[in-house]
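Working through the structure, step by step
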Amino acid sequence: MKLNTMKHEWFGNIKGDVLAGMVVAMALIPEAIAFSIIAGVDPMIGLYASFCIAVVTAFVGGRPGMISAATGATALLMTTLVADHGLQYLLAATILTGLIQIVMGALKLGRLMKFVPRSVMIGFVNALAILIFTAQLPHFVGESWAMYAMVAGALAIIYILPRFTKAVPSPLVAIIVITVIAIFTGSDVRTIGDLGKLTQSLPIFLIPNIPFNFETLQIIFPYSLSIAIVGLVESLLTASIVDDMTDTKSDKNREARGQGIANIVSGFFGGMAGCAMIGQSVINVKSGGRGRLSTFVAGAFLMILIILLNGFLVKIPMAALVGVMFMVSIGTFDWSALKSIHKTPLTDTLVMIATVITVLMTHDLSKGVLIGIILSAIFFASKISKVKVTTLASEGSHKKIYRVSGQLFFASVTDFVESFDFTEDVKEVTLDLTQAHLWDDSAVGAIDKVVIKYHQNGVKVNLIGLNKESNKLVEKIAIHNKPGGLEKVANH
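Presented here is a report on the structure given in the accompanying data block. None of the values given here were measured: they were computed from a predicted structure. (Residues numbered from 1 in each chain as written. Predicted model: local features only at pLDDT ≥ 70, side-chain atom pairs only at ≥ 80, totals over all residues. Heavy atoms only, no water.)

**Remarks on the overall build of the chain**
From N to C terminus, the chain includes 22 helices and 6 strands. Relative to its length of 492 residues, the chain is extended, with a C-alpha radius of gyration of 29 Å against a globular reference of 23 Å. With respect to the three principal axes, the spread of C-alpha positions in the chain is 100 × 55 × 50 Å. Classification of the 492 residues of the chain by burial places 53% in the buried group. Contacts spanning at least 24 positions in sequence make up 84% of the contacts within the chain whose residues lie at least 6 apart. Element-wise, carbon and sulfur atoms account for 64% of the exposed surface of the chain, whose accessible area totals about 22,700 Å². In the chain, 38 positive and 32 negative side-chain charges are present, and the distance between their average locations comes to 7 Å. (Helix = DSSP H or I, 4+ residues; strand = E, 2+ residues; numbered from the N terminus. Rg over C-alpha atoms; globule rule 2.2 N^0.38 Å. Buried < 20%, exposed > 50% of the residue type's maximum accessible area, 1.4 Å probe, protein only. Contact = heavy atoms within 4.5 Å. Areas by Shrake-Rupley, 256 points an atom, 1.4 Å probe, with all protein chains shown as cover. Lys, Arg positive; Asp, Glu negative; His and termini not counted. Charge placed at Lys NZ, Arg CZ, Asp CG, Glu CD.)

**A closer look at the packing of helix α2 (residues 14-39) against helix α12 (residues 278-286)**
Close contact between α2 and α12 brings their axes to 8 Å; oriented N to C, the two are set at 155°. When the interaxial angle is binned, α2 and α12 end up roughly antiparallel. Our pair here, α2 against α12, has a crossing hand that is right-handed. Every residue of α12 that contacts α2 at A20, G21, V23, V24, A27, L28 and E31 is listed here: Q280, I283 and N284. Looking at the contact of α2 with α12, its residues break down into 6 nonpolar, 3 polar and 1 charged. (Axes fitted to C-alpha atoms, helices over the stretch in contact; angles between N-to-C directions. Parallel < 35°, antiparallel > 145°, perpendicular 65-115°, else oblique. Left-handed = near helix turned anticlockwise from the far one by under 90°. Nonpolar A, V, L, I, M, F, W, Y, C, P; charged D, E, K, R; others polar.)

**Focus: helix α20 (residues 441-456)**
Along an α-helix, residues three or four apart share an orientation, since each turn contains 3.6 residues. The terminal C-alpha atoms of α20, which comprises 16 residues, lie 22 Å apart, in line with the 22 Å expected from a rise of 1.5 Å per residue. If you check which residues of α20 are buried, you get A443, V444, A446, I447, D448, V450, V451, I452 and Y454. The backbone nitrogen of S442 has a side-chain oxygen 3.3 Å away, supplied by the residue at the start of α20, namely D440. Immediately downstream of α20, the backbone of G458 shows phi near 75°, a positive value. (Expected span 1.5 Å × (residues − 1). Polar contact = N/O pair within 3.5 Å; in protein donor to acceptor, adjacent residues only side chain to side chain.)

**Description of the layout of surface pockets**
Counted as a void, the largest pocket has a volume near 830 Å³. Along its surface, the largest pocket is lined by 31 residues, and E31, F35, G72, L131 and A135 are the ones closest to its centre. Put simply, the parts of the chain that give the lining of the largest pocket at least two residues each are α2, α4 (72-75), α7 (118-136), α12 and α15 (318-332). Ranked by the residues each element gives to the lining of the largest pocket, the list is headed by α2, at 8 residues. Grouping the constituent residues of the lining of the largest pocket by class yields 21 nonpolar, 8 polar and 2 charged. Lining the second largest pocket are 18 residues, with L112, I229, V233, V369 and I373 sitting closest to its centre. Listing elements by their share of the lining of the second largest pocket, those giving two or more residues are α10 (214-246) and α18 (365-384). Broken down by element, the residue count for the lining of the second largest pocket peaks at 6 residues, all from α18. Its residues assigned to classes, the lining of the second largest pocket shows 15 nonpolar, 1 polar and 2 charged. (1 Å grid on protein atoms, 1.4 Å probe; cavity = no way out; pocket = protein on both sides within 12 Å on 5 of 7 lines; lining within 4 Å. Points joined across faces, edges and corners; volume = space filled by probe spheres on them.)

**A short note on the environment of I204**
Tracing the sequence through the fold places I204 in the loop between α9 (170-185) and α10. Sequence separation between I204 and G270 is 66 residues, and the spatial gap between their C-alpha atoms is 7.2 Å. Look past the residues within four positions of I204 in its chain and what remains in contact with it is F268 and F269.

And the structure:
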């Protein structure tokens, strides 16, 4: 990395990055605790993970301003491992997850992001916005009117304050103001302190206490591979979203390696695996965070809150943080997609809806993205599988020329073969493939089929206009053009 680039990424926006990082740190705490509970571990495991991953990715990640920490997507994959084998195996699995992600980064799997269609990205974003919103609703259960009033007050500050000043991020002001109100009014609304016991201690280096043998590897590898893939998918998608929000580029392969390094550090310091968090990344960007300093401050301030400001931290009402997360949900949802849904191609709309529904049903972002990509591929194959065969002027009464236009591959060969009448009264047929392209074995097999069927009826077939790639494929795997090929097939 060039010195000027590094300087800009770290110190190009000091005030904005520091303040945004502080907001993110406060919002990280309840989520880290919640994800620890999902995974079945002590709340400090999620908090240590968030600290380690945020600080490490600030240095080695490929997307400045993106927030990575303990996440729900990865926590869901750990529950069975923790229940069956305990915490030490989880820490070992976290380290192995990191090693797998480093390998993925070295193999430059970040390039695969170009195969994720825009409709899938929109579906991913909208599903996440809905999940963030619905995740806040349980906080209202059993609460008094004070909870609703404080959430409304937080949202009012978040949206109205920027009209008068942007010197301080409005979510930070909202958290401080609502906390002060809760303390001075003696309100009984639920606070961060009610979510779990927060130990005032720093993480320490430790090697997982497990047997180092093949049996252990068999236990942890399936979990590590799943977490590595899900974490990487979510991280690379989040990086793309932050790219769009900030109109800048990121290094996806470096991000993959950075996520791996961060997870290894997290595992050795008593934390669980994590990945990029779109919600927190949106908070960071909307609060003015742009550089690596914001990510570092988020992790560092998280520990400062736990160690030094524990007394203030446990008094922060959940109402303030729910208000911030509602802002994230509203800001994350792609409202323009709803406005233009009548203009968007039907297939793109179906892909987006399928992605959203899958994510909401499974609570797994990677499954939604996978379904979206598969549907997009099917629709794309369907669109380009239209092959047109037209008859040109015949060269005499017993000669016929067919012009083939389109892409010949597995999805289009049936229509291609059915376009010919093999019983017609001709002596010679010419297939003009100038406007066609042969892509696979199915395409060559279809050409063979047409040539052989005509040959069986005593009709000679000429192929003309094959481009270089198509001709190479025919020469390599076709049967009809090999010595004695037509006779062998005819005798079968």
